Amino acid sequence: MKDMLIRNFARPLLERLGTMAAAYLIARGLDSDLVAQLVNGVMAAVLVGVDLLTARASRKSLLREVD
């Protein structure tokens, strides 16, 4: 039961935290000056990249569990 909760709830939630944070930063940065928007955009891109890397690592660990 614990493994099922981790695999189906906790892991996907953790994988998407970067995307959620990036979306918040982009929405917050629309009415700030240009420099702050640039910083927010770079931070959002980094967070999405972290999100993608954690998803890739998660898929690799799932493949190792199957083998």
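To be clear, the structure that these remarks concern was listed above.
Residues numbered from 1 in each chain as written. Predicted model: local features only at pLDDT ≥ 70, side-chain atom pairs only at ≥ 80, totals over all residues. Heavy atoms only, no water.

## A few points about a nonpolar patch on the surface
Then comes step 1: Among the surface-exposed residues, Phe 9, Leu 13, Leu 14, Leu 17 and Met 20 lie close enough to one another that they form a single nonpolar patch of about 510 Å² accessible area.
Then comes step 2: At the level of elements, α1 (2-15) and α2 (17-29) are the ones that each hand at least two residues to the nonpolar patch.
Then comes step 3: For the nonpolar patch, the element with the most residues is α1, which contributes three residues.
Then comes step 4: Tracing the backbone shows Phe 9 in helix α1. (Patch = residues over 30% accessible without salt bridge, like charges linked within 9 Å, V, L, I, M, F, W, Y side chains within 5 Å. Areas by Shrake-Rupley, 256 points an atom, 1.4 Å probe, with all protein chains shown as cover. Salt bridge = Lys/Arg side-chain N within 4 Å of Asp/Glu carboxyl O. Helix = DSSP H or I, 4+ residues; strand = E, 2+ residues; numbered from the N terminus.)

## Here we look at a positive patch on the surface
Then comes step 1: On the surface, Arg 56, Arg 59, Lys 60 and Arg 64 cluster together into a positively charged patch.
Then comes step 2: Position of Arg 59 relative to the elements: it lies in helix α3 (residues 34-66). (Lys, Arg positive; Asp, Glu negative; His and termini not counted. Charge placed at Lys NZ, Arg CZ, Asp CG, Glu CD.)

## So, α1
The periodicity of an α-helix, 3.6 residues per turn, causes residues three or four positions apart to be oriented the same way.
Then comes step 1: Compared with the 20 Å implied by 1.5 Å per residue over 14 residues, the 18 Å span of α1 between its first and last C-alpha is a close match.
Then comes step 2: Considering bend angle alone, the principal kink of α1 is centred on Phe 9 and spans about 25 degrees; proline Pro 12 follows within four residues of it. (Expected span 1.5 Å × (residues − 1). Bend = angle between axes of the 7 residues up to and from the residue.)

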